[in-house]
Amino acid sequence: MDWSWLFLIAPLAFALGWFASRMDLRQLKTVEGQQPKAFFRGLNHLLNEEQDQAIDAFVEAVTHDPEASELHFALGNLFRKRGDYERAVRVHQHMLARGDIDKSDRLRAQQALAQDFWTAGLLDRAQAAFEALLDTPLAVSARVGLLAVFERGRDW
């Protein structure tokens, strides 16, 4: 059997593999480079009290890294602070629906969701969200939240 064709194809296969790996690294560097820029731009807007621009920058950062929990929390809290309760609730419900977050982030998302409902004036939903935290390490803050719900609703 003649194996001389192998000596011609092997360098070509090596060159194609090397070229493909370089293309992936360039693409990865581009994506990694965009995410921190968007994050720092959002942080800069926050420091300058430009909430709308900060939200836009954080939304861009989240699209580049959809698994970054801290970005989701920051975005949800910004929505709540701005008065866009529906979007804040959606962000925090999305966090709760994700299966890849750890228990502490799941509890933080539940607490943030309860805060969203309470701030929006949806007392029955806030009560249910705070009650879901009663048997967790966040039970003390859940009880404080429930007390605030009961006081506001005058449910003695």
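Structure: see above.
Below is a short write-up of the structure. (Residues numbered from 1 in each chain as written. Predicted model: local features only at pLDDT ≥ 70, side-chain atom pairs only at ≥ 80, totals over all residues. Heavy atoms only, no water.)

Comments concerning the nonpolar core
Step number 1: Counting 13 residues, the largest nonpolar core has Ile55, Phe58, Leu71, Leu75, Leu78 and Phe79 as the members making the most contacts within it.
Step number 2: Among the elements of the structure, helix H2 (51-64), helix H3 (69-82) and helix H4 (85-97) are those that each provide at least two residues to this core.
Step number 3: Excluding residues within four positions of it along the chain, Phe79 makes contact with Ile55, Asp84, Tyr85, Arg87, Ala88 and Val91.
Step number 4: Judged by nonpolar contacts, the second largest core, of nine residues, contains Ala114, Phe117, Ala126 and Leu146. (Core = buried A, V, L, I, M, F, W, Y, C linked by side-chain atoms within 4.5 Å. Buried < 20%, exposed > 50% of the residue type's maximum accessible area, 1.4 Å probe, protein only. Helix = DSSP H or I, 4+ residues; strand = E, 2+ residues; numbered from the N terminus. Contact = heavy atoms within 4.5 Å.)

Section: the side chain of His92
Step number 1: By the element assignment, His92 lies in helix H4.
Step number 2: A relative accessible area of 0% places His92 in the buried class.
Step number 3: Not counting residues within four places of it along the chain, the set of residues in contact with His92 comprises Phe73, Gly76, Asn77, Arg80, Ala109, Ala112, Leu113 and Asp116.

Points about the environment of Gly121
Step number 1: Within the element layout of this structure, Gly121 appears in the loop between helix H5 (103-120) and helix H6 (123-131).
Step number 2: You can call Gly121 partly exposed: its relative accessible area is 34%.
Step number 3: Taking the C-alpha atoms as reference, Gly121 lies 9.1 Å from Val149; in sequence the two are 28 residues apart.

Some points on H5
Because each turn of an α-helix spans 3.6 residues, side chains separated by three or four positions in sequence point in the same direction.
Step number 1: For H5, built from 18 residues, the straight-helix expectation of 26 Å at 1.5 Å per residue is met to within 8% by its first-to-last C-alpha distance of 26 Å.
Step number 2: Listed in full, the buried residues belonging to H5 are Asp105, Leu107, Ala109, Gln110, Ala112, Leu113, Ala114, Asp116 and Phe117.
Step number 3: As for H5, its buried residues are in contact with H3, H4 and H6.
Step number 4: Directly beyond the C-terminal end of H5, a positive phi value near 85° is found at Gly121. (Expected span 1.5 Å × (residues − 1).)

Looking at the packing of aromatic side chains
Step number 1: One pass over the structure, following the stated rule, counts zero aromatic pairs.
Step number 2: Of note, Arg108 hangs over the ring of Phe73, and the distance from its end group to the ring centre comes to 4.0 Å.
Step number 3: Between Arg152 and the ring centre of Trp118, over which it is positioned, the NZ or CZ distance is 5.1 Å. (Phe/Tyr/Trp six-rings, centres within 6.5 Å; stacked < 30°, edge-to-face > 60°. Lys NZ or Arg CZ within 6 Å of the ring centre and 35° of its normal.)

Details of the pattern of salt bridges
Step number 1: Scanning all chains against the criterion turns up six salt bridges.
Step number 2: For the salt bridge of Arg82 with Asp84, the shortest nitrogen-to-oxygen distance reads 3.6 Å.
Step number 3: Within the structure, one salt-bridge network assembled from shared partners comprises Glu70, Asp105 and Arg108. (Salt bridge = Lys/Arg side-chain N within 4 Å of Asp/Glu carboxyl O.)

Notes on the packing of H3 against H4
Each packed pair of helices is defined by two parameters, the angle between the axes and the distance between the axes.
Step number 1: Their axes nearest at 7 Å, the elements H3 and H4 cross at an angle of 160°. Regarding the angle of H3 to H4, the classification is roughly antiparallel. Two packed elements cross with a definite hand, and for H3 against H4 that hand is left-handed. Residues Ser69, His72, Phe73, Gly76, Asn77, Phe79, Arg80 and Arg82 of H3 form the contact with H4, whose own contacting residues are Tyr85, Arg87, Ala88, Val91, His92, His94 and Met95.
Step number 2: Class assignment of the residues belonging to the contact of H3 with H4 gives a composition of six nonpolar, six polar and three charged. (Axes fitted to C-alpha atoms, helices over the stretch in contact; angles between N-to-C directions. Parallel < 35°, antiparallel > 145°, perpendicular 65-115°, else oblique. Left-handed = near helix turned anticlockwise from the far one by under 90°. Nonpolar A, V, L, I, M, F, W, Y, C, P; charged D, E, K, R; others polar.)

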